[in-house]
Amino acid sequence: MLAEKLLLHVFVILAPILVYTSFFENRRIGQSPYFIGMMYGVSAILCLTVSYYSYGLYWDLRYVPLVLSFLYGGPIAGGITFLSIIGARTFMAADSLLFGYISATLAASIPFFYVKRFWKHQGKRRILTAIWLGIWPSFIMLSILISWLYFSDNPIYDIKELIIYVLLFGLIQIIAIGFASMLHEAVIERRLMKKEMQRAEKLNTLGELAASIAHEVRNPLTVVKGFLQLMKSQEKEKDDNYQYLSLVLSELARAEAIINDYLNFAKPQFEKIERLELSATISDVISLMQPLAIKQGVDLDSDLEEEVYLHTDRNQFKQALVNVIKNAVEATDHGGRIHVSLKAAGQDARITIKDNGKGMTKEQLSRIGTLFYTTKDKGTGLGTMVSLRIIEAMEGRITYRSELGKGTEVRIALPLVRQLKKDFESKEKIM
Ligand code: ADP
Ligand code: MG
């Protein structure tokens, strides 16, 4: 039966990925296109050897490994699989050899040319694309077959059976490619996750190191500041050194403030709900981000309404804001401007972070806040998601508006009045 054979093919197609995940995932060879090409080559040959012959055609799923090999292994892997199919086909049967060659070349050409665009899609789109790319060669082949049967005055054939064959063939093919590419995507995701975990781990240690360094730097700073203050008190105001000392002291105070901010921020986060005066808290965040903004040549300023109070966890709130402002700074070129504003409006505290940086396309905008979505070389794709989570836990809302080339506006609305009970409930969500 056709169905049985084809189901066997499905297994043969899934086998390389299963073998890969069980034995080769952590080895170098697993990534090699030669290896992938050979695995899929073998699977294509197996498909060919147990194909089902009917209506002058070999019904089998040999082009599925071919397409998968091109898409997930690259041109070298695809080329090897292609050659395996051609080789096996030549040895196996001499009849309609030319037709076999042509259809193999056709089946190989589209994924070969499409592979670059393929990788621009995200996971789910890639699966759909793979299905579509895998289906079309058989579609063409079958059209040729049917028109050939139609125009040749062959003995009578069973049209019903043919239709069932075609439908079954299409369905099983879709299942095979769909499953196989889903497995591939899972492998890719796992690989990314591993890398990401390694980097998060490294960042974590770096963060701890930085905290201890900041701590160490603060002590000598305090000593220097003390002695300078002493010297200043002994200088007379008209002396030259007096004004230098004032300048040195104010710069030292700034360095101290930065380090203090940093240390506060880097402290391990204990959940503590307290009453925050928002303008002061936001000012803290802004002075924490100021060095980054200055380095980037961006003007970071604010317009904050005072006496707006919110019951929440200080560190969580700060972190949510830091992530958003950091993105704004990173999106803005030298000479740009970021404006942070706070206003109480009705039941909400409204915080707006507006930049005139590079902005986002609609597509980017729709993906923002999804795990690991980043457009930066060294981005983590975690920042926005963390911010969203925190604000969600505060029962607030965050909305992004963005125009490519013009800038982005992030609006955060946080309800001012909430029952305290909810604050405690939200703990778990935040953590
Ligand atoms: P990361 O900053 O590590 O890339 P995020 O989750 O913080 O991760 O941000 C995800 C992506 O959203 C960024 O890579 C960027 O492309 C986009 N983005 C976020 N904020 C802005 C902004 N203000 N302007 C332009 N793009 C932004
Ligand atoms: Mg970020």
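Residues numbered from 1 in each chain as written. Chains lettered and ligands numbered in written order. Predicted model: local features only at pLDDT ≥ 70, side-chain atom pairs only at ≥ 80, totals over all residues. Heavy atoms only, no water.

> Mind showing me how you'd approach the nonpolar core here?
Nonpolar side chains in soluble globular proteins generally cluster together in the buried interior. In terms of nonpolar packing, the biggest core is built from 38 residues, with Ile13, Tyr55, Trp59, Leu61, Leu68, Leu71 and Leu145 touching the most fellow members. Counting residues per element, the ones that place at least two in this core are α1 (2-24), α2 (33-49), β2 (57-59), α3 (63-92), α5 (123-151) and α6 (159-234). Ignoring anything within four residues of it in the chain, the contact list for Trp59 reads Leu2, Leu6, His9, Ser51, Tyr52, Ser54, Leu142, Leu145, Leu162, Tyr165, Val166 and Phe169. Ranked by size, the runner-up nonpolar core spans 37 residues in total, among them Leu276, Phe317, Val329 and Ile338. (Core = buried A, V, L, I, M, F, W, Y, C linked by side-chain atoms within 4.5 Å. Buried < 20%, exposed > 50% of the residue type's maximum accessible area, 1.4 Å probe, protein only. Helix = DSSP H or I, 4+ residues; strand = E, 2+ residues; numbered from the N terminus. Contact = heavy atoms within 4.5 Å.)

> Which parts of the structure should I look at to understand the environment of Leu206?
Tracing the sequence through the fold places Leu206 in helix α6. As for Leu206 and Tyr20, which are separated by 186 residues in sequence, their C-alpha atoms are 34 Å apart.

> I would appreciate a short explanation of the site of ligand 1 in the present structure.
Every one of the 19 residues lining ligand 1 counts as a neighbour, but Asn327, Thr374, Thr375, Thr380 and Thr384 are closest to it. Contact distances for ligand 1 include 3.0 Å between a nitrogen atom and a side-chain N or O atom of Asp355. Taking Thr374, its side chain carries an N or O atom lying 2.5 Å from an oxygen atom of ligand 1. Across the complex, the protein chains shield 96% of the 540 Å² of accessible surface that ligand 1 would expose by itself. (Near = heavy atom within 4 Å. Polar contact = N/O pair within 3.5 Å; in protein donor to acceptor, adjacent residues only side chain to side chain. Areas by Shrake-Rupley, 256 points an atom, 1.4 Å probe, with all protein chains shown as cover.)

> Can you help me understand the domain arrangement of the chain in this one?
Frequently, the measure chosen for interface size is the accessible area that the parts lose on association. Looking at the chain, the domain boundaries give domain 1 (2-198), domain 2 (207-266) and domain 3 (273-421). Contact residues are listed per partner, giving six residues for domain 2 and nine residues for domain 3. Taken over both partners, the interface formed by domain 2 and domain 3 buries close to 580 Å², and the fraction arising from carbon and sulfur atoms is 66%. Counting the contacts that link domain 2 with domain 3 gives zero salt bridges. Here domain 2 is connected to domain 3 by zero residue pairs in polar contact (both at pLDDT 80 or more). (Domains from an automatic or database assignment. Buried area = accessible area lost by both parts, 1.4 Å probe. Salt bridge = Lys/Arg side-chain N within 4 Å of Asp/Glu carboxyl O.)

> Sorry if this is basic, but what is going on with the side chain of Ser51 here?
With respect to the helices and strands, the residue Ser51 is situated in the loop between α2 and β1 (52-54). Among the polar contacts listed, one links the side chain of Ser51 to the backbone oxygen of Leu48, at a separation of 3.0 Å.

> Help me understand the packing of α2 against α3, please; the structure alone is not making it clear to me.
Each pair of packed helices can be described by the angle between their axes along with the distance between the axes. Interhelical geometry of α2 versus α3 gives an angle of 45° and a closest axis separation of 7 Å. Regarding the angle of α2 to α3, the classification is oblique. With respect to the hand of their crossing, α2 and α3 are arranged in right-handed fashion. (Axes fitted to C-alpha atoms, helices over the stretch in contact; angles between N-to-C directions. Parallel < 35°, antiparallel > 145°, perpendicular 65-115°, else oblique. Left-handed = near helix turned anticlockwise from the far one by under 90°.)

> I tried to follow the sheet that holds strand β8 (residues 397-403) on my own but got confused; where do I start?
Adjacent strands of a sheet form backbone hydrogen bonds with each other and so pair up, either parallel or antiparallel. A sheet is described by the order of its strands in space; here five strands give the open sequence β4-β6-β7-β9-β8, paired in mixed fashion. A strand with exactly one partner marks an edge of an open sheet, and here the two such strands are β4 (299-304) and β8. With direction set aside, neighbouring strand axes in the sheet form an average angle of 10°. Here β8 runs beside strand β9 (residues 407-415); their pairing, made up of seven bridges, is antiparallel. The residue of β9 that forms the bridge with Ser402 is Thr408. Its contacts with the sheet place helix α9 (residues 314-331) against β4, β6 (337-345), β7 (348-355), β8 and β9, and it is angled at close to 25° to β7. (Pairing = 2+ DSSP bridges.)

> Explain the packing of aromatic side chains to me, please; I cannot follow it from the model alone.
Geometry of an aromatic ring pair is reported as the spacing of the ring centres plus the angle between the planes. Under the counting rule described, the total for this entry stands at ten aromatic pairs. Between Tyr52 and Tyr165, the ring centres sit 5.9 Å apart and the planes meet at 75°, which makes this aromatic pair edge-to-face. Here Tyr165 lies in helix α6 and Tyr52 lies in strand β1, a separation of 113 residues in the sequence. Tyr165 matches Tyr52 in its accessibility class, with the two residues each being buried. Aromatic side chains Trp59 and Tyr165 sit 5.5 Å apart centroid to centroid with 80° between the ring planes, which places their arrangement in the edge-to-face category. Placement of the pair is Trp59 in strand β2 and Tyr165 in helix α6, with a sequence separation of 106 residues. Note on accessibility: Trp59 and Tyr165 belong to one class, buried. (Phe/Tyr/Trp six-rings, centres within 6.5 Å; stacked < 30°, edge-to-face > 60°.)

> Help me understand the environment of Thr105 in this model?
Assignment of secondary structure puts Thr105 in helix α4 (residues 97-118). On the accessibility criterion, Thr105 (42% relative accessible area) is partly exposed. For Thr105, the side chain forms a polar contact with the main-chain oxygen of Tyr101, separated by 2.7 Å.

> Got a minute to help me understand the pattern of salt bridges in this structure?
Charged atoms that come close allow side chains of opposite charge to pair. Summed over all chains, the structure comprises 16 salt bridges. Salt-bridge contacts for Lys225 lead to Glu256; the nearest nitrogen and oxygen are separated by 2.8 Å. Note that Lys225 is positioned in helix α6 and Glu256 in helix α7 (residues 240-266), a separation of 31 residues in sequence. Residue Asp284 is joined to Lys318 by a salt bridge in which the shortest nitrogen-to-oxygen separation is 3.8 Å. Taken together, the residues Asp284 in helix α8 (residues 278-296) and Lys318 in helix α9 connect sequence positions 34 residues apart. Through salt bridges with shared partners, a single network forms among Lys326, Glu330 and Lys376.

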